[in-house]
Amino acid sequence: MIDLAGVSPAALVASLMVAATPILLAATGELVVEKSGVLNLGVEGMMIIGAVCGFIGAVETGSPLLGLLAAVTGGVILSLVFAILTQFLLSNQVATGLALTLFGLGLAALMGQSYAGIKPPPTPRLDIPVLSEIPFLGPVLFSHDGVLYLSLFLVFVVWLVLRYTRAGLVLRAVGDNHDAAHALGYKVIRVRLAAILFGGAMAGLGGAYLSLIRVPQWTEGMTAGAGWIALAIVVFSSWKPWRILLGAYLFGGVTVLQLNLQAAGAGIGVAYLSMAPYLVTILVLVVMSSDRRRTSLNAPACLGRAFHASA
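All values derive from a computational prediction rather than experimental measurement.

**A closer look at the overall build of the protein chain**
Working step 1: Looking only at helices and strands, the protein chain features 13 helices and two strands.
Working step 2: When each of the 311 residues of the protein chain is scored for burial, the buried share is 48%.
Working step 3: Summed over its atoms, the accessible surface of the protein chain is roughly 14,500 Å², and 70% of this surface lies on carbon and sulfur atoms.

**Considering the packing of aromatic side chains**
Working step 1: If you walk through the whole model with that rule in mind, you get four aromatic pairs.
Working step 2: Here the aromatic rings of tryptophan 159 and tryptophan 242 are separated by 5.9 Å at their centres, their planes lie at 55°, and the arrangement is tilted. Of this pair, tryptophan 159 sits in helix α6 (residues 146-164) while tryptophan 242 sits in helix α11 (residues 241-263), and the two are 83 residues apart along the sequence.
Working step 3: Accessibility expressed as a relative area gives 23% for tryptophan 159, which makes it partly exposed.

**Section: helix α10 (residues 226-236)**
Working step 1: Counting buried positions along α10 gives nine out of 11 residues, so the element sits mostly inside the fold.
Working step 2: Along α10, the residues classified as buried are Ala226, Gly227, Ile229, Ala230, Leu231, Ala232, Ile233, Val234 and Phe236.
Working step 3: Serine 238, located one to two residues past α10, shows a positive phi value of around 55°.

**Things to note about the packing of helix α1 (residues 9-35) against α6**
Working step 1: Remark: α1 packs on α6, axes separated minimally by 9 Å, with the N-to-C direction vectors making an angle of 25°. When the axis of α1 is compared with that of α6, the two are roughly parallel. Between α1 and α6 lies a crossing whose hand is left-handed. Across the interface between the two elements, Met17, Val18, Thr21, Leu24, Leu25, Thr28, Leu31, Val32 and Lys35 from α1 touch Val147, Leu148, Ser151, Leu152, Leu154, Val155, Val158 and Leu162 from α6.
Working step 2: Grouping the constituent residues of the contact of α1 with α6 by class yields 13 nonpolar, three polar and one charged.

**Considering the packing of helix α2 (residues 43-61) against helix α3 (residues 64-88)**
Think of two packed helices as two axes; the pair is described by the angle between the axes and how far apart they sit.
Working step 1: The contact between α2 and α3 brings their axes to 7 Å, and the two run at 145°. Judged by the sense of rotation from one axis to the other, the crossing of α2 with α3 is right-handed. Facing Gly45, Met46, Ile49, Gly50, Cys53, Gly54, Gly57, Ala58 and Thr61 of α2, the residues of α3 in contact are Pro64, Leu66, Gly67, Ala70, Ala71, Gly74, Gly75, Leu78 and Ser79.
Working step 2: Of the residues in the contact of α2 with α3, the class split is nine nonpolar, nine polar and no charged.

**Overview of the nonpolar core**
Working step 1: Within the largest apolar cluster, 73 residues are counted, with the highest numbers of intra-cluster contacts made by Ile23, Val43 and Trp218.
Working step 2: Not counting residues within four places of it along the chain, the set of residues in contact with tryptophan 218 comprises Ile48, Ala51, Val52, Phe55, Ala108, Ala109, Gly112, Tyr115, Ala116 and Gly117.

**Things to note about unusual backbone geometry**
Working step 1: For alanine 224, which is not glycine, the phi torsion reads 50° and is therefore positive.
Working step 2: Residue tryptophan 239 is not a glycine yet carries a positive backbone phi of 60°.

**Digging into the environment of alanine 181**
Working step 1: Along the chain, alanine 181 turns up in helix α8 (residues 178-183).
Working step 2: Separated by 11 residues in the primary sequence, alanine 181 and valine 170 place their C-alpha atoms 7.7 Å from one another.
Working step 3: Contact partners of alanine 181, with chain neighbours within four places excluded, come to Ala173, Val174, Tyr186 and Val188.

**A short note on the side chain of threonine 21**
Working step 1: On the secondary structure map, threonine 21 appears in helix α1.
Working step 2: Filtering out sequence-adjacent residues up to four positions away, threonine 21 remains in contact with Val147, Leu148, Ser151 and Tyr209.

**Observations regarding the environment of leucine 137**
Working step 1: With respect to the element layout, leucine 137 can be found in helix α5 (residues 137-141).
Working step 2: For leucine 137, a relative accessible area of 40% puts it in the partly exposed group.
Working step 3: It is 7.5 Å that separates the C-alpha atoms of leucine 137 and alanine 10, two residues lying 127 residues apart in sequence.

How each quantity is defined
Residues numbered from 1 in each chain as written. Predicted model: local features only at pLDDT ≥ 70, side-chain atom pairs only at ≥ 80, totals over all residues. Heavy atoms only, no water. Helix = DSSP H or I, 4+ residues; strand = E, 2+ residues; numbered from the N terminus. Buried < 20%, exposed > 50% of the residue type's maximum accessible area, 1.4 Å probe, protein only. Areas by Shrake-Rupley, 256 points an atom, 1.4 Å probe, with all protein chains shown as cover. Phe/Tyr/Trp six-rings, centres within 6.5 Å; stacked < 30°, edge-to-face > 60°. Axes fitted to C-alpha atoms, helices over the stretch in contact; angles between N-to-C directions. Parallel < 35°, antiparallel > 145°, perpendicular 65-115°, else oblique. Left-handed = near helix turned anticlockwise from the far one by under 90°. Contact = heavy atoms within 4.5 Å. Nonpolar A, V, L, I, M, F, W, Y, C, P; charged D, E, K, R; others polar. Core = buried A, V, L, I, M, F, W, Y, C linked by side-chain atoms within 4.5 Å.

As structure tokens, then:
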């Protein structure tokens with residue numbers, strides 16, 4: 001018998017937003033990377049490095065903010081390795097990204113060995129006076145941590161930059177036709193390097209959100225495929241920022257729902273409930289990919305292609 005009587009709708013929606021935030025951060029960063037024409041499959045590796053660096057930084061300094069900065073630094077360093085290998089040494093982007101994920105998972109496990117079972121310093125919530133006390137809307141919209149609000153703000157900023165600024169136009173030009181962009185005098189490698197580092201910073205921040213806020217502890221492999229889901233959501237969104245928000249919150253909603261069903265004693269095997277978020281993601285991707293023409297029109301034309309200046 002399923003008993004959901006004790007579940008507050010406001011708490012359910014609020015936990016949905018928390019569950020979606022690490023994926024939203026990583027997917028927003030990967031969107032910018034792919035818009036520049038680079039395919040980085042190392043998101044999972046950068047997220048787990050961000051998770052362990054953020055956790056170690058917060059525990060050792062006693063400051064969640066310094067922990068978040070350490071996570072961003074860890075993600076940027078790992079993305080820099082990817083950038084050097086793919087943009088300067090012209091290695092295969094797919095193989096390099098996969099290697100980056102494997103390397104990140106192994107390095108994070110090594111770094112976090114002595115931190116299992118330790119609680120990090122708590123990250124304060126930004127309870128907005130008066131507004132946070134409004135029934136339903138208060139806990140849903142005005143009682144979260146700063147990183148969650150930052151993730152929403154960054155989606156807006158990325159949309160604004162890509163759509164209305166010269167920097168966004170240059171980024172899209174490099175992703176759609178790097179040879180033409182180079183002929184016009186744009187620094188293709190420099191643009192892609194900046195995009196890759198931004199993606200690494202976002203993935204690292206998403207990882208730290210997992211280990212410091214959503215599940216405040218360090219556990220080996222705690223990203224549990226979140227980086228791959230972020231990659232899938234970029235495709236699901238057709239490379240549009242606002243659709244990334246929708247995709248991340250869809251995954252977060254399914255994740256929270258299956259956890260509540262487990263807690264309510266649903267007569268469904270735990271393994272089946274646990275795989276539900278990933279199954280839903282696959283089904284959505286299959287539906288989205290059925291219109292190949294539409295997908296190919298939205299994808300950056302030079303995605304995954306190495307650039308080598310001929311002159």
